[in-house]
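# Results of the structural survey
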Amino acid sequence: SSGINAEWPLRPGNQLSKPLLRIFEPILGDKAEGILLKGEHTRVFTVVHSAVGGLAAFTKKKATCIGCKSVLKRENSAVCDNCKSKASAIYQKRKKYRLRLCVDTTA
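Quick look at the structure, then. (Residues numbered from 1 in each chain as written. Predicted model: local features only at pLDDT ≥ 70, side-chain atom pairs only at ≥ 80, totals over all residues. Heavy atoms only, no water.)

### A word on the overall build of the chain
Basically, it comes down to this: Secondary structure is summarised from DSSP: a helix means a run of H or I of at least four residues, a strand means a run of E of at least two, and numbering begins at the N terminus for each. Three labels apply to residues, based on accessible area from a 1.4 Å probe with only protein chains included: buried if under 20% of the type maximum, exposed if over 50%, partly exposed otherwise in between. It only takes one pair of heavy atoms within 4.5 Å for two residues to be counted as in contact. Per-residue and other accessible areas were derived by the Shrake-Rupley procedure at a 1.4 Å probe size, with only the shown protein chains allowed to occlude residues.
What the chain contains, in helices and strands, is three helices and zero strands. The order of helices and strands in the chain, counted from the N terminus, is α-α-α. Within the chain, buried positions represent 15% of all 107 residues. The contacts of the chain with a sequence gap of at least 6 include a subset with a gap of at least 24, amounting to 14%. A total of about 9,300 Å² of accessible surface is found on the chain, and carbon and sulfur atoms cover 57% of it.

Set out below in structure tokens:
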């Protein structure tokens, strides 16, 4: 059970009730509060819990170039078309960096 009280924002004096009433009172009249803030439609709610974050449903993981970090068109390559001519230097730099990490962790 989550500690979320779904009715709290709709109670008079809380976050949503006053702005909603200001918008709808000219249209619905005096019965606006009863229509908007009370009734069967306010009792049903869904709470969605995401383990990764709210934007996870809108994102996709893409492979990026190890040289310039641009998104790769072909995911079976480690470098983009722009970095292809420098691929050898990029690989050597990465290998040197990894070797340095291995030496630093064992020392």
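### Side note on the nonpolar core
In plain terms, the rule: Take the buried residues of types Ala, Val, Leu, Ile, Met, Phe, Trp, Tyr and Cys, join any two whose side-chain atoms come within 4.5 Å, and each joined set is a nonpolar core.
By size, the foremost hydrophobic cluster in this structure holds seven residues: Cys 65, Leu 72, Val 79, Cys 80, Cys 83, Ala 87 and Ile 90. The contact partners of Val 79, leaving out residues within four places of it in the chain, are Cys 65, Ile 66, Leu 72, Lys 84, Ala 87, Ile 90 and Tyr 91.

### Digging into unusual backbone geometry
Positive phi, normally seen in glycine, also occurs at Lys 69, with a value near 70°. Relative to the assigned elements, Lys 69 resides in the loop between helix 2 (32-37) and helix 3 (87-106). The class for Lys 69 is exposed, based on a relative accessible area of 53%.

### Things to note about the pattern of salt bridges
To keep things clear, this is the line we draw: Basic side-chain nitrogens of Lys or Arg form a salt bridge, by our definition, when they fall within 4 Å of a carboxyl oxygen of Asp or Glu.
Tallied over the entire structure, the rule returns one salt bridge. Put simply, Arg 74 and Asp 81 hold a salt bridge, and the shortest N to O gap is 2.8 Å.

### A look at the state of the cysteines
Quick reminder of the rule: Disulfides are defined as pairs of cysteine sulfur atoms found within 2.5 Å of each other.
Taken as a whole and judged by the stated rule, the model has zero disulfides. No disulfide involves Cys 68; its sulfur sits 3.6 Å from that of Cys 80, the nearest cysteine. When its relative accessible area of 40% is taken as the criterion, Cys 68 is described as partly exposed. Free of any disulfide, Cys 83 has its nearest neighbouring cysteine sulfur in Cys 80, separated by 3.7 Å. Its relative accessible area of 4% is what places Cys 83 among the buried residues.

### Side note on helix 1 (residues 17-28)
Along an α-helix, a turn takes 3.6 residues, which lines up residues three or four apart on a common side. What counts is decided by this rule: By this rule, a helix spans an expected 1.5 Å times one less than how many residues it contains.
In this model, helix 1 (12 residues) spans only 14 Å end to end at C-alpha, well below the 16 Å of a helix rising 1.5 Å per residue. Backbone geometry just after helix 1 places Gly 29 at a positive phi near 80°.

Read these as spatial facts, not as claims about activity.
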